[in-house]
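# Tertiary structure, described
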Amino acid sequence: MTSKSRRSLLLGLIAGLAVVGRSYSADAVVVVGAGTLGSWTTRFDLANPDSLPTSGAAESRTSRISDCVPESVSLGHRDHSRKWLDRRHGQ
Amino acid sequence: MASDIPGTALESVNSIFISANDPVALPVVRSRVLNTASPPEGIELPAVRLSTLISLDAAILNFPSALRNADAHTNLAVAAISDCCGQEPVAVRVELFGADGSLMGSGTFTNAVPGGAPQNIFLGDIAGQLGVQAVEDGVIRVTKLSGNGGLWGETSTVYPSGSVSVSVGRNP
């Protein structure tokens, strides 16, 4: 393999990793149909998949989000420009 | 009292995104819509990875088991989700088919909010809204007419006992 082809391969690998990294970090959990309507309110219970005891809960009508959601987690609504309208944690 | 779910207005149904600093460790999520006037009545909402919805890129959703009678009804919540922009403005056609496949009713709906971020299209008693008096084992088909993003959502059928069954419109 020539130095030119090695460089091309290396650049390709870097570009590939950048693409993979970008899509992976953009992942999230989506819940459709949540919110508050009349006497109905939504509660979220969260658990860290890898370790206990990091867990928490949030409810749409209370202030418990900032108290209970793990600090590594963001929960909220995204607007059309993809910016978080309000991210409680993990800015 | 204002909603404390960030970015959502009082009296709104929305798509909520939950992310983590460490994207490898997205939290496991249980989401329940609770009736504070009649506990423990509640609706379990499915939580799905954004990457899964993006890969599905659904333009049509089909929901089984639509029901309407004197005691029970089916609700529908739908949103368009995109990787680039979160929740998208969208227009959809909703059709209700009977168990024999016959079209019983249809309508067009949008989630556009003038001057605001789009919300979910939430249609309580969808059969009633389509002018259908009674249906059993019906199918609700939602077709995207305009807008970006893949469709996602669920139906919830509320029974007189207070129990609720939830269906998604495509296998994630």
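Residues numbered from 1 in each chain as written. Chains lettered and ligands numbered in written order. Predicted model: local features only at pLDDT ≥ 70, side-chain atom pairs only at ≥ 80, totals over all residues.

A tally of helices and strands in chain B yields two helices and 13 strands. For 172 residues, the compact-globule estimate of 2.2 N^0.38 gives 16 Å, and chain B sits close to it at 16 Å. For chain B, the C-alpha atoms occupy an extent of roughly 50 × 40 × 35 Å along the three principal directions. Intrachain contacts of chain B at a sequence separation of at least 6 include 69% that bridge at least 24 residues. (Helix = DSSP H or I, 4+ residues; strand = E, 2+ residues; numbered from the N terminus. Rg over C-alpha atoms; globule rule 2.2 N^0.38 Å. Contact = placed C-beta atoms within 7 Å.)

Attention now moves to the overall build of chain A. Within chain A, the regular secondary structure consists of two helices and four strands. Counting every position in chain A, which comprises 91 residues, the buried fraction comes to 30%. By sequence separation, contacts in chain A at least 24 residues apart represent 10% of the contacts at least 6 residues apart. (Buried ≥ 20, exposed ≤ 12 C-beta atoms within 10 Å, placed from the backbone.)

This part is about the nonpolar core. V29, V30 and V31 of chain A together with V78, L96, I126 and I140 of chain B are the most contacted members of the largest nonpolar core, which has 48 residues in total. When residues of this core are assigned to their parent elements, the largest contribution, six residues, is made by strand β6 (residues 73-82) of chain B. Each residue touching V29 of chain A, except ones within four places of it in the same chain, is listed here: I18, L26, P27, V29, A47 and R49 of chain B. (Core = buried A, V, L, I, M, F, W, Y, C linked by C-beta atoms within 7 Å.)

Residues and elements named next belong to chain B. Every second residue of strand β8 (residues 91-97) is oriented toward a common face, the buried set being V92, V94 and L96 and the non-buried set A91, R93, E95 and F97. As judged from the seven bridges shared by β8 and strand β9 (residues 103-110), these two strands associate in the antiparallel manner. Directly across from V92, in β9, lies its bridge partner F109. Hairpin connection between β8 and β9: a loop of five residues separates the two successive antiparallel strands, and G101 in this loop has a positive phi of roughly 90 degrees. (Pairing = 2+ DSSP bridges.)

Attention now moves to the confidence of the model for chain B. Residue and element names in this part refer to chain B. With 91% of its residues at a pLDDT of 70 or more, chain B shows a mean pLDDT of 88. Low pLDDT, under 50, characterises residues 1-8; the predicted model gives this stretch 34 contacts beyond four residues in sequence or across chains. ipTM for the predicted complex: 0.91, alongside a pTM of 0.78. (pLDDT = per-residue confidence, 0-100.)

Below, the discussion takes up the environment of A58 of chain B. Residue and element names in this part refer to chain B. Within the element layout of this structure, A58 appears in the loop between α1 (50-56) and β5 (60-68). Distance from A58 to G149, taken between C-alpha atoms, is 8.2 Å for residues 91 residues apart in sequence. Discounting chain neighbours no more than four positions away, the residues touching A58 are G150, L151, W152 and R170.

The next subject is the environment of D45 of chain A. As for its position among the elements, D45 of chain A is in strand β2 (residues 40-47). For the pair formed by D45 of chain A and V30 of chain A, sequence separation is 15 residues and the distance between their alpha carbons is 14 Å.

All names here are of chain A. Across chain A, the average pLDDT comes to 56, with 23% of residues at 70 or higher. Looking at the elements of chain A, mean pLDDT is at its lowest for helix α2 (residues 64-68), recorded as 39, and at its highest for strand β1 (residues 29-36), recorded as 87. Low pLDDT, under 50, characterises residues 8-25; the stretch is placed with two contacts to residues that sit more than four places away or in other chains. Confidence drops under a pLDDT of 50 for residues 61-68, and excluding neighbours within four residues, the segment shows 18 contacts in the predicted structure.

Glancing now at the environment of T52 of chain B. On the secondary structure map, T52 of chain B appears in helix α1. Between the alpha carbons of T52 of chain B and N148 of chain B there is a distance of 16 Å; along the sequence they are 96 residues apart.

Turning to unusual backbone geometry, a few remarks are in order. Residues and elements named next belong to chain B. Within the chain, D57 stands out as a residue other than glycine whose phi angle is a positive 45 degrees. The residue D57 is located in the loop between α1 and β5 in this model. For D57, a count of 12 C-beta atoms within 10 Å gives the class exposed. Backbone geometry at D125 places phi at a positive 45 degrees, although glycine is not the residue there. Tracing the sequence through the fold places D125 in the loop between β10 (121-123) and α2 (126-129). Overall, the presence of 15 C-beta atoms within 10 Å leaves D125 in the partly exposed class.

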